[in-house]
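Residues per chain, in single letters:
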Amino acid sequence: MTFLGFILALYTFEYCFEWMEKRENKLSLIGQSGTTDPIEKRIRTDSEFSIPVATLTLLSILNGNVSDGIKTKKGELVPLGNTAHVTTFLCKNDIEPVVFKSDRFGFNNQDQVWNSSATEIAILGDSYVEGVCVKPEKNILSEIIKIYPDSINLGIIGHGQLTILGTIIEYLSYQRSQILLWCYSANDIYPNLTNEKGNKILKQYLDNGFSQNLIEHQTEIDQIINTFNQISRNKIALLPT
C-alpha cells in the first residue's frame, strides 16, 4: 500500500507539473499575441483574411440602416458579392477551420470559372450554398461539378430573394448559364425579403433594365467590405482573451 501510494503521488506530481507548464506556455502566448486561437489571431491581425458578410448586415453596420446604399466616390452601391482574391473564413469546427480563396467577385469558386462566357449550372442561395461549415471539396458545388464540371457558385451568406435576383442580373449577364439552380429556405422570404424590399436600390431589380454594374465596381466593393472587416477586427480585439 505504501508503494502504491508513492507511485500515485509521483503521477499526481507529474500531472500538476505538466498542467502548470502548459498554463505558463498559454499565458506566454497570450502575452505575445493576445490570443492562443490561430484563427482569431489571424482575423485580428491579417488584412488579407476576410470574413463572409451578408448584404443586409453590411448595410446595417456601415449605414446604420438597410434602406440606403453605401456611399462611394462613384455613387451609392449595394454589394452582392464579397472581397476578391482573399482567404475567406467560413466556419471554425472542432477539427480545422473551413476557409476558401475567393474568386474575382468574392464568391466561392476557382477564379478561372469566369474565363468562360458560359457555364452549365449556376447555383444561387445563401450560407448553405456558399458553403458555411462545409469544406470546399464537399459543398454543393463540388458535388454538382462531378457531373456538370462547368458550373458556378453564386451563394452568399444572408442572401434573400431580391439579393439573389440582383446577383442573377449583375453576374449572369456576364457569365451565361444554361440552368439556374435557385436554392432558398423560409428565412430567405421572411425576414430577408421583407428587409430587402425596404432598400431603395435592391427594389429597383424588379424594374426591367436596372443594374448597378457591379462587375465594374469590384474595387469599391473590396474597399467597402475591408472597412466592415476592420470594424469587426476592432470589436474582436476588445473581447477578453
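None of the values given here were measured: they were computed from a predicted structure. (Residues numbered from 1 in each chain as written. Predicted model: local features only at pLDDT ≥ 70, side-chain atom pairs only at ≥ 80, totals over all residues. Heavy atoms only, no water.)

Undergrad: I'd like to hear about the environment of Q212, residue by residue, with values.
TA: By the secondary structure assignment, Q212 is in the loop between α7 (186–196) and α8 (218–237). For Q212, a relative accessible area of 8% puts it in the buried group. It is 9.2 Å that separates the C-alpha atoms of Q212 and I169, two residues lying 43 residues apart in sequence. When sequence neighbours within four positions are dropped, the list of residues in contact with Q212 reads E76, L77, V78, E170, I201, Y205 and H217. (Helix = DSSP H or I, 4+ residues; strand = E, 2+ residues; numbered from the N terminus. Buried < 20%, exposed > 50% of the residue type's maximum accessible area, 1.4 Å probe, protein only. Contact = heavy atoms within 4.5 Å.)

Undergrad: Quick rundown of the pattern of salt bridges? Include the residues and the values.
TA: Considering all chains together, one arrives at five salt bridges under this definition. For the salt bridge of K200 with E76, the shortest nitrogen-to-oxygen distance reads 3.4 Å. Highlighted residues: K200 in the loop between α7 and α8 and E76 in strand β3 (residues 75–77), separated in sequence by 124 residues. Here K200 falls in the partly exposed class, since its relative accessible area comes to 42%. For K146, the salt bridge identified is with E143, shortest N-O distance 3.2 Å. The class of E143 is partly exposed, set by a relative accessible area of 39%. Counted as one network, the salt bridges with shared partners bring together D68, E76 and K200. (Salt bridge = Lys/Arg side-chain N within 4 Å of Asp/Glu carboxyl O.)

Undergrad: Just give me the short version of the pairing of strand β4 (residues 87–92), but keep the residues and values in it.
TA: Inspection of the sheet shows strand β1 (residues 49–50) paired to β4 by two bridges, in the parallel sense. By the bridge assignment for β4, S50 is matched with T88. In this sheet, strand β5 (residues 97–101) lies alongside β4 in antiparallel orientation, the contact comprising five bridges. Residue pairing in the sheet places F89 in a bridge with V99 of β5. (Pairing = 2+ DSSP bridges.)

Undergrad: Account for the state of the cysteines, with residues named and values stated.
TA: Evaluation of the coordinates by the stated rule reveals one disulfide. The disulfide that involves C91 links it to C133, with 1.9 Å between the sulfurs. Disulfide C91-C133: torsion about the S-S bond near 70°, hence right-handed. Of the two residues, C91 sits in strand β4 while C133 sits in the loop between α4 (127–130) and α5 (140–144), which places them 42 residues apart along the sequence. Its relative accessible area of 43% is what places C133 among the partly exposed residues. (Disulfide = S-S within 2.5 Å.)

Undergrad: Run through unusual backbone geometry, naming residues and quoting values.
TA: Between Y190 and P191 the backbone carries a cis peptide bond, its omega angle lying at 10°. In this structure, P191 sits in helix α7.

Undergrad: Tell me about the packing of aromatic side chains, residues and numbers included.
TA: Under the counting rule described, the total for this entry stands at five aromatic pairs. Through successive ring pairs, a cluster of aromatic residues spans F105, F107, W114 and Y171. (Phe/Tyr/Trp six-rings, centres within 6.5 Å; stacked < 30°, edge-to-face > 60°.)

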